[in-house]
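Descriptive analysis of the structure
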Amino acid sequence: MAHHTFLAGPDDWWRTAVVYQIYPRSFKDNDGDGIGDFRGIIGKAAYLKSLGVDAIWLSPFYPSELADGGYDVANYRDVDPRIGSLEQFDELIDEYHSLSIRVIVDIVPNHSSDQHPWFQEALAAPPGSTTRDRYIFRDGRGENGELPPSDLASHFSPLGWTQVRDGQWYMHLFAKEQPDFNWDNPEVREDFKKTIRFWCNRGVDGFRVDVAHALAKNLDPLPSHQSFGPDIIPEDGSDALLDRNEVHEIYAEWREIFNEYSPKRIAIAEAWVPHSRKHGYVSETSLGQIFNFDIAVSRWGSDSYRKVIEDNITFDRESGNSSTWVFSNHDVIRHATRFALPPGTDEDEWYEKNRFNPGLDLALGLRRARAGTILILGLPGSTYIYQGEELGLPEVLGIPDDQMQDPQWELHNHEKKSRDGCRVPIPWTKEGSSFGFGPNGSHLPQPEWFGQYSVEAQEGVEGSTLELYREAIALRHELLGDNSFRWIHTDDKVLHYERTGGWQVITNFGDEPVPMPEGDVLICSAKHDGTELPGNATAWLRA
């Protein structure tokens, strides 16, 4: 058994953490195959230490055919050889723990890859076999079973069922290469508990749980639709596929395992559920934390942000939750671009029509992105940063059709935005074949203008987005106290709140300057003269 390092500390370290999301394939390529790897991540530990983050979250690095960017997992207790090995994973844990940076890993429990040994066994077994029962197989309708068992659509295609050679069909809420597990099967439950222990024993500090609200399902009768989105999922737990009460029985078993370790392991639910349903995921007998996407999907404006902040602070006080403020991740348009879109834009429609000729005011988008980040770094709770946002990276929009990799785009006949634009490997240097990502190019094309956003171009440059992030995160660690929060002033342009010890945060959502409150300006997202806060800017002050 290899030696594994564990990082001591309080059980609730995660409540105020700044967590940096790494999409491994697009972070840093060490071996020159065009795909990011563990050696690349290890080599950038000092960079992330200088950024000031408390933890990293690794998107999937497991063996995968990449039908969905690694979220089709063929083996939950191994590493894709293109990314590294278990021994290199141990090195990664050791390196980051030596710098007091914790490591969170993605776990994908709703579905596996169709290349997973269990699914291959299921395909080779007859209908009704115990191996098929680990997944959701059903007979078809029609005279000869030629019709799907129900009219269920998947998230990636019009049909959530795929027929196999002997005539049966299997359910997949996502791509056909991602068959859904049957969580009523005890073997599935026990195997995932084994997986959780496997990674905890290697020193992992926590888990991000993919599609955490989808595991428990009621398949009698078979569902004919999916209630995607928190606005249409019922608030009583009665949906056939999503956010059922029984899902928390699964997580209660996981929580028992998490509590065996010191500090206790944490898990963060990716669950797009109604606000009233979030409590179950953050209870002491469940995962502990749930992603707060509310601010990521809100329009830029004082009124909408005030409501999101109030709703989530109220929820945190009632539930004991610690909010996870986040603007960007591997699934959404980078917020430096998103904030430049016209108000009320349907992103999929806009993307389809404008990705080769966007015509956006990216300077305005970046200005708002900087202001928004300084705003959320001041709020109670934790903050999640997606790789490259500390560089102010905009979305890469003009990727040629034949170089796209995202099934969401391909399977929706190019009518839904591709997520590839936020997954383009990030730039480390001003020049070079892949701007320092790797020695031999990258798996997604990088635009010519990428170098101006690189780490090298911003390192040590006063006023750069990278230095703004470093300064703000360091100040946050210095100033952060308890969860106190009170509004000082709000109107249709301004949000102004106070934290512990007289530390204040003010954001001007308007385009025109407003008077700067009295006090010492500690940091500001835009240049200022000390008397006025510019438009689309945030400042921290000490009164």
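Note that the coordinates shown come from a computational prediction; the quantities given were computed from them, not determined experimentally.

Regarding the environment of Tyr453
- Its location among the elements puts Tyr453 in the loop between helix H12 (407–411) and helix H13 (455–458).
- On a C-alpha basis, the gap between Tyr453 and Pro274 in space is 37 Å, while along the polypeptide they are 179 residues apart.
- Residue contacts for Tyr453: discarding those within four places in its chain leaves Leu391, Gly392, Leu393, Pro394, Pro427 and Gln458.

A short note on the pairing of strand S8 (residues 266–269)
- Going residue by residue along S8, you find Ile266 and Ile268 tucked away on one face and Ala267 and Ala269 tucked away on the opposite face as well.
- Where strand S7 (residues 206–209) meets S8, 4 bridges bridge the pair, whose relative direction is parallel. Bridge pairing in S8 places Phe207 opposite Ala267.
- In the classification by handedness, the crossover that spans S7, the intervening helix H6 (residues 247–258) and the parallel S8 is right-handed.
- In terms of strand pairing, S8 meets strand S9 (residues 288–290) through 3 bridges, oriented parallel. Bridge assignment links Ile268 to a residue of S9, and that residue is Gln289.

Concerning the sheet that holds strand S12 (residues 486–490)
- Read across the sheet, 5 strands follow the order S12-S13-S14-S18-S16 without closing on themselves; strand pairing throughout is antiparallel. The outermost strands of the open sheet, each flanked by one partner alone, are S12 and strand S16 (520–524). The average angle at which neighbouring strand axes cross in this sheet is 20°, direction not considered.
- Set on the sheet, helix H11 (residues 362–377) makes contact with strand S13 (494–498), strand S14 (503–508), S16 and strand S18 (537–542); between it and S18 the angle comes to about 35°.

A look at empty space enclosed by the protein
- Enumeration over the complete set of coordinates arrives at 2 cavities of 30 Å³ or more.
- Within this model, the largest cavity holds a volume of roughly 70 Å³.
- Forming the boundary of the largest cavity are Ser328, Arg334, His335, Ala336, Leu366, Ala369, Arg370, Glu389, Gly392, Leu393, Thr465 and Tyr469.
- If you tally residues by element for the lining of the largest cavity, the top one is H11, at 3 residues.
- Within the lining of the largest cavity, the residues separate by chemical class into 5 nonpolar, 4 polar and 3 charged.
- Estimated volume of the second largest cavity: approximately 50 Å³.
- What lines the second largest cavity is simply Ile136, Phe181, Asn182, Trp183, Asp184, Leu215, Ala216, Lys217 and Leu219.
- A breakdown of the residues in the lining of the second largest cavity according to their chemical character gives 6 nonpolar, 1 polar and 2 charged.

Concerning the sheet that holds strand S4 (residues 137–138)
- Strand order in the open sheet formed by 3 strands is S4-S6-S5, and the pairing between neighbours is antiparallel. Edge strands, defined here as strands with exactly one partner in the open sheet, are S4 and strand S5 (161–163).
- Bridging between S5 and strand S6 (residues 169–171) involves 3 bridges; their strand directions are antiparallel. Within S6, the residue paired with Thr162 across the bridge is Tyr170.

Rules used in this analysis
Residues numbered from 1 in each chain as written. Predicted model: local features only at pLDDT ≥ 70, side-chain atom pairs only at ≥ 80, totals over all residues. Heavy atoms only, no water. Helix = DSSP H or I, 4+ residues; strand = E, 2+ residues; numbered from the N terminus. Contact = heavy atoms within 4.5 Å. Buried < 20%, exposed > 50% of the residue type's maximum accessible area, 1.4 Å probe, protein only. Pairing = 2+ DSSP bridges. Right-handed = clockwise from strand over helix to strand, strands pointing away. Axes fitted to C-alpha atoms, helices over the stretch in contact; angles between N-to-C directions. 1 Å grid on protein atoms, 1.4 Å probe; cavity = no way out; pocket = protein on both sides within 12 Å on 5 of 7 lines; lining within 4 Å. Points joined across faces, edges and corners; volume = space filled by probe spheres on them. Nonpolar A, V, L, I, M, F, W, Y, C, P; charged D, E, K, R; others polar.

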